[in-house]
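Listed below are the residues making up each chain.
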Amino acid sequence: MSVLPVRIDRASPVPLYHQLAEQLTAAVTDGTLSPGDAFENEVALAARLGLSRPTVRRAIAELVGR
């Protein structure tokens with residue numbers, strides 16, 4: 001399981017879920033993650049980043065939708 005280096009900018013006008021989705025997408029694009037690779041679960045990612053579970057869930061849903 002991969003622990004991804006994710007940085008959330010709470011001062012940014014970009015929604016938090018979108019920031020996370022973009023960084024997850026970048027991890028796939030740059031080869032850090034391959035499609036289907038496991039990474040932190042929703043609960044662990046939310047706790048580590050100080051985000052709510054629904055925010056993380058929405059980011060993952062956006063990624064899956066792509």
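Residues numbered from 1 in each chain as written. Predicted model: local features only at pLDDT ≥ 70, side-chain atom pairs only at ≥ 80, totals over all residues. Heavy atoms only, no water.

1. Things to note about the confidence of the model for the chain
- On average, residues of the chain score 90 in pLDDT, and 97% of them reach the 70 mark or higher.
- In the model of the chain, helix α3 (residues 53-65) stands out as the element of lowest mean pLDDT, 92, in contrast to helix α2 (residues 42-49), which has the highest, 94. (pLDDT = per-residue confidence, 0-100. Helix = DSSP H or I, 4+ residues; strand = E, 2+ residues; numbered from the N terminus.)

2. Looking at the packing of helix α1 (residues 16-29) against α3
- Between α1 and α3, the least distance of the axes is 8 Å, while the angle of their chain directions is 45 degrees. When the axes of α1 and α3 are compared, the pair comes out oblique. Two packed elements cross with a definite hand, and for α1 against α3 that hand is right-handed. On α3, the residues that touch Leu16, Tyr17, His18, Leu20, Ala21, Glu22, Leu24 and Thr25 of α1 are Thr55, Val56, Arg58, Ala59, Ile60, Glu62 and Leu63. (Axes fitted to C-alpha atoms, helices over the stretch in contact; angles between N-to-C directions. Parallel < 35°, antiparallel > 145°, perpendicular 65-115°, else oblique. Left-handed = near helix turned anticlockwise from the far one by under 90°. Contact = heavy atoms within 4.5 Å.)

3. Concerning the packing of aromatic side chains
- Per the counting criterion, the structure on display carries zero aromatic pairs.
- Positioned above the aromatic ring of tyrosine 17 is the side chain of arginine 58, whose terminal nitrogen or guanidinium carbon lies 3.8 Å from the ring centre. (Phe/Tyr/Trp six-rings, centres within 6.5 Å; stacked < 30°, edge-to-face > 60°. Lys NZ or Arg CZ within 6 Å of the ring centre and 35° of its normal.)

4. Notes on the nonpolar core
- Leu4, Leu20, Leu49 and Val56 are the most contacted members of the largest nonpolar core, which totals 15 residues.
- Elements represented by at least two residues in this core include exactly α1, α2 and α3.
- Sorting elements by how many residues they give to this core places α1 first, with five residues.
- Excluding its chain neighbours within four sequence positions, the residues that come into contact with valine 56 are Leu20, Glu42, Leu45, Ala46 and Leu51. (Core = buried A, V, L, I, M, F, W, Y, C linked by side-chain atoms within 4.5 Å. Buried < 20%, exposed > 50% of the residue type's maximum accessible area, 1.4 Å probe, protein only.)

5. Section: the side chain of glutamate 62
- Considering the arrangement of structural elements, one finds glutamate 62 in helix α3.
- Within the local environment of glutamate 62, its side chain forms a polar contact with the side chain of histidine 18, the two groups lying 3.0 Å apart.
- Among residues more than four places away in sequence, those in contact with glutamate 62 are Tyr17, His18, Ala21 and Glu22. (Polar contact = N/O pair within 3.5 Å; in protein donor to acceptor, adjacent residues only side chain to side chain.)

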